[in-house]
Amino acid sequence: MAAAAVGAAGGGGGVAAGPGVMSDSDAIDYSVHEAWNEATNVYLLVVLASLALLVYARRNKRKIMRIFTVPPTAEAPSEPNFYDSMKKIRLRQQLEMYSIARKYDQQPPQKQTDSVQLSME
């Protein structure tokens, strides 16, 4: 260990490593490079997935928009139209008047035998 420190400090005595040979002191920490390689692979996958989704969205825009649009409701609106309600009221009144008139027409005529005596004083 001391010889490696002396060789790294520039003192003589150690055998210098050639360009293709690596000694313990010249070892490069590959964990940083591996982490960078994995990160770039993840970024590449994310970019490719995003591009694929973009292409799919451009081709199938109508299908995607149909998912987010609200279909028109088939049920009646919560508050009825004023004129429609007035028509229904008027129709109900006419029907009541017609039924009262039919009852009156079907009754036998009443005799007017009862008389009221008025006296003046």
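So, how was this worked out
- Residues numbered from 1 in each chain as written.
- Predicted model: local features only at pLDDT ≥ 70, side-chain atom pairs only at ≥ 80, totals over all residues.
- Heavy atoms only, no water.
- Helix = DSSP H or I, 4+ residues; strand = E, 2+ residues; numbered from the N terminus.
- Areas by Shrake-Rupley, 256 points an atom, 1.4 Å probe, with all protein chains shown as cover.
- Expected span 1.5 Å × (residues − 1).
- Buried < 20%, exposed > 50% of the residue type's maximum accessible area, 1.4 Å probe, protein only.
- Patch = residues over 30% accessible without salt bridge, like charges linked within 9 Å, V, L, I, M, F, W, Y side chains within 5 Å.
- Salt bridge = Lys/Arg side-chain N within 4 Å of Asp/Glu carboxyl O.
- pLDDT = per-residue confidence, 0-100.
- Contact = heavy atoms within 4.5 Å.

Trainee: Explanation requested: the overall build of the protein in the structure shown.
Mentor: Per the secondary structure count, the protein includes 4 helices and 0 strands. For the protein, the α and β elements follow one another from N to C terminus as α-α-α-α. In the structure as shown, the protein presents an accessible area of about 12,700 Å², 61% of it carried by carbon and sulfur atoms.

Trainee: I'm lost on helix α4 (residues 82-106) in this one. Help?
Mentor: The α-helix advances 3.6 residues per turn, and as a result positions three or four apart in sequence lie on the same side. When the terminal C-alpha atoms of α4 are compared, their 36 Å separation across 25 residues agrees well with the 36 Å that a helix rising 1.5 Å per residue should span. Burial within α4 is sparse, with just 0 of its 25 residues counted as buried.

Trainee: Help me out: how do you make sense of a nonpolar patch on the surface in this one?
Mentor: On the surface, Leu44, Val47, Leu48, Leu51 and Leu54 cluster together to form a nonpolar patch covering roughly 470 Å² of accessible area. Given a relative accessible area of 46%, leucine 51 falls into the partly exposed group.

Trainee: Can you walk me through the confidence of the model for the protein in this structure?
Mentor: Where the model shows low pLDDT, its predicted coordinates should not be examined in detail. Put simply, the protein has an average pLDDT of 77, and 64% of its residues get 70 or more. Per-element averaging of pLDDT across the protein places helix α1 (residues 2-9) at the bottom with 46 and helix α2 (residues 30-59) at the top with 91. pLDDT under 50 marks residues 1-14. Its contacts with residues more than four places away, or in other chains, come to 2 contacts.

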